[in-house]
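Residues per chain are reported as follows:
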Amino acid sequence: MRIYDVSVPITGQMPVYPGDPEVEINQWSSLAQGDPANVTALKFGAHTGTHVDAPAHFIAGGGRVEALDLETLIGDVQVIEIPDEVIEINDSHVEDFVPPGASRVLFKTRNSAFWNEPMGQFHTDYTYLSPAAALSLVERNIRLVGIDYLSVERFQPVNYATHEALLSAGVIIVEGLDLREVSAGLYELICLPIKIGGGSGDGAPARVVLRGLT
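Residues numbered from 1 in each chain as written. Predicted model: local features only at pLDDT ≥ 70, side-chain atom pairs only at ≥ 80, totals over all residues. Heavy atoms only, no water.

Draft legend 1. Just the pattern of salt bridges, in detail. Scanning the entire structure with this criterion turns up seven salt bridges. Two residues, E95 and R140, come together in a salt bridge whose shortest N-O distance is 3.2 Å. Placement of the pair is E95 in helix α2 (residues 91-97) and R140 in the loop between α3 (131-139) and β9 (144-147), with a sequence separation of 45 residues. Two residues, D125 and R110, come together in a salt bridge whose shortest N-O distance is 3.5 Å. With D125 in the loop between β7 (104-108) and β8 (128-129) and R110 in the loop between β7 and β8, the pair connects residues that are 15 residues apart, well separated along the chain. Judged by relative accessible area, D125 falls into the partly exposed class, the value being 40%. The class of R110 is buried, set by a relative accessible area of 19%. (Salt bridge = Lys/Arg side-chain N within 4 Å of Asp/Glu carboxyl O. Helix = DSSP H or I, 4+ residues; strand = E, 2+ residues; numbered from the N terminus. Buried < 20%, exposed > 50% of the residue type's maximum accessible area, 1.4 Å probe, protein only.)

Laid out in structure tokens, this is it:
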């Protein structure tokens, strides 16, 4: 039963969404310099790399990341492979590709190939979910939606209707997945965001793995 790590390593060279904090990783103390232990200092935003969006990200008074339901973050998930020519995933794609009864879906798109680039260029032309697709997922009672780049929303939207449609319905969003090694199909999802108790509770980086069911 193979386990796939679909998380992106956090490094100082990785892409971040424009306007978010840059990643800083520094050596705080070092055995090589005579300190009693190695300690690394980390500085980055809550939406760095592979991460979870909580309702508080866009919904005033919405649920915080540390209170997200673990039963939603762990369980069967359907990986949906979207053709490379698709830039906007719309409601017709949801109708065509999301099987009846699915409760969690991860969209594998052309975005996953972006993670092949070592220097971390941010791509503005990534594939995203339309607001109509988000509403269609809500109507199907989907509880968790993931995508293989840093946002489910199109770049520089007029509004944030996709996020708002999902988060206002209590749907957990997972962004920044690396699905290069994963084929379409049914898996077990284990997604554990860092339990951050401070700040606005908007989200947190996560280690996400998929376990094959066959």
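More follows now that the structure is in view.
Draft legend 2. Representation of the packing of α3 against helix α4 (residues 161-168) in the model. It is the contact of α3 with α4, at a shortest axis distance of 8 Å, that shows an interaxial angle of 10°. By the criterion of interaxial angle, the relationship of α3 to α4 is roughly parallel. In this structure, α3 uses P131, A134, L135 and V138 to contact α4, whose residues at the interface are A161, T162, A165 and L166. (Axes fitted to C-alpha atoms, helices over the stretch in contact; angles between N-to-C directions. Parallel < 35°, antiparallel > 145°, perpendicular 65-115°, else oblique. Contact = heavy atoms within 4.5 Å.)

Draft legend 3. Molecular detail of α3. Within α3, burial applies to A133, A134, S136 and L137. Axial view of α3: buried residues confined to an arc of 160°, hence all on one face. Buried positions along α3 lie against β6 (88-89), α2, β7, β8, β9 and α4. (Arc of directions from axis to C-beta.)

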